[in-house]
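Inside the fold
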Amino acid sequence: KLLQTLSQATDNLAKADAIQVEYTEKIREARSKAAEAVVGFKKTTEDAIDARLAKSQAEREEKANEVKAKLQAEVQAKIDAAEPEIEKRKAEFVKETLASMGM
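Read on for a plain summary of the structure.

Rules behind the numbers
Residues numbered from 1 in each chain as written. Predicted model: local features only at pLDDT ≥ 70, side-chain atom pairs only at ≥ 80, totals over all residues. Heavy atoms only, no water. Helix = DSSP H or I, 4+ residues; strand = E, 2+ residues; numbered from the N terminus. Expected span 1.5 Å × (residues − 1). Bend = angle between axes of the 7 residues up to and from the residue. Salt bridge = Lys/Arg side-chain N within 4 Å of Asp/Glu carboxyl O. Buried < 20%, exposed > 50% of the residue type's maximum accessible area, 1.4 Å probe, protein only. Patch = residues over 30% accessible without salt bridge, like charges linked within 9 Å, V, L, I, M, F, W, Y side chains within 5 Å. Areas by Shrake-Rupley, 256 points an atom, 1.4 Å probe, with all protein chains shown as cover.

Re helix α1 (residues 2–100)
Its 99 residues place the ends of α1 139 Å apart at the C-alpha level, agreeing with the 147 Å of an ideal helix rising 1.5 Å per residue. The largest bend along α1 measures about 40° and falls at Glu83, with the proline Pro84 one to four residues further on. Remark: Gly102 follows α1 within two positions and exhibits a positive phi of approximately 85°.

So, the pattern of salt bridges
Within the structure shown, the criterion is met by four salt bridges. Between Arg28 and Glu25 there is a salt bridge whose closest N-O contact spans 2.5 Å. Remark: Glu25 and Arg28 occur in helix α1; sequence separation between them is three residues, near one turn of the helix. We classify Glu25 as partly exposed; its relative accessible area is 34%. One salt bridge connects Lys43 with Asp47, and the closest N-O pair in it is separated by 3.2 Å. Of this pair, Lys43 and Asp47 both sit in helix α1, four residues apart, which is roughly one turn of that helix.

Topic: a nonpolar patch on the surface
A cluster of nonpolar side chains, namely Phe93, Val94 and Leu98, defines an oily patch on the protein surface of about 280 Å² accessible area. When you line up the elements, Leu98 lands in helix α1. Owing to a relative accessible area of 36%, Leu98 belongs among the partly exposed residues under this scheme.

Looking at the environment of Leu13
Mapped onto the elements, Leu13 comes out in helix α1. Judged by relative accessible area, Leu13 falls into the exposed class, the value being 59%. Leu13 sits 83 residues away from Glu96 along the chain, and the two C-alpha atoms are 119 Å apart.

On their own, these measurements won't tell you what the molecule is for.
In structure tokens:
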């Protein structure tokens with residue numbers, strides 16, 4: 001009877017060891033899957049942030065180019081509008097300079 005009890009105890013210990021090994025393997029697999037999920041989430045999040053940053057930068061550059069073009073057009077328009085006055089003053093200056101020199 002003692003031998004039978006010892007045999008049952010040994011069987012129970014073997015089953016407990018098998019359960020522990022299976023449990024440990026499942027925990028390892030779960031941790032591995034969790035790590036992969038974290039890496040995937042991190043990659044997805046970084047890609048989304050990078051896309052937003054690129055879009056924002058493109059929009060900012062587009063607005064800056066629009067403002068620059070508008071300012072250049074305004075400056076050119078003012079230069080073009082002032083050109084007749086500049087030519088008039090230039091002609092008067094030349095005339096006065098030549099007159100003061102007696103020419």
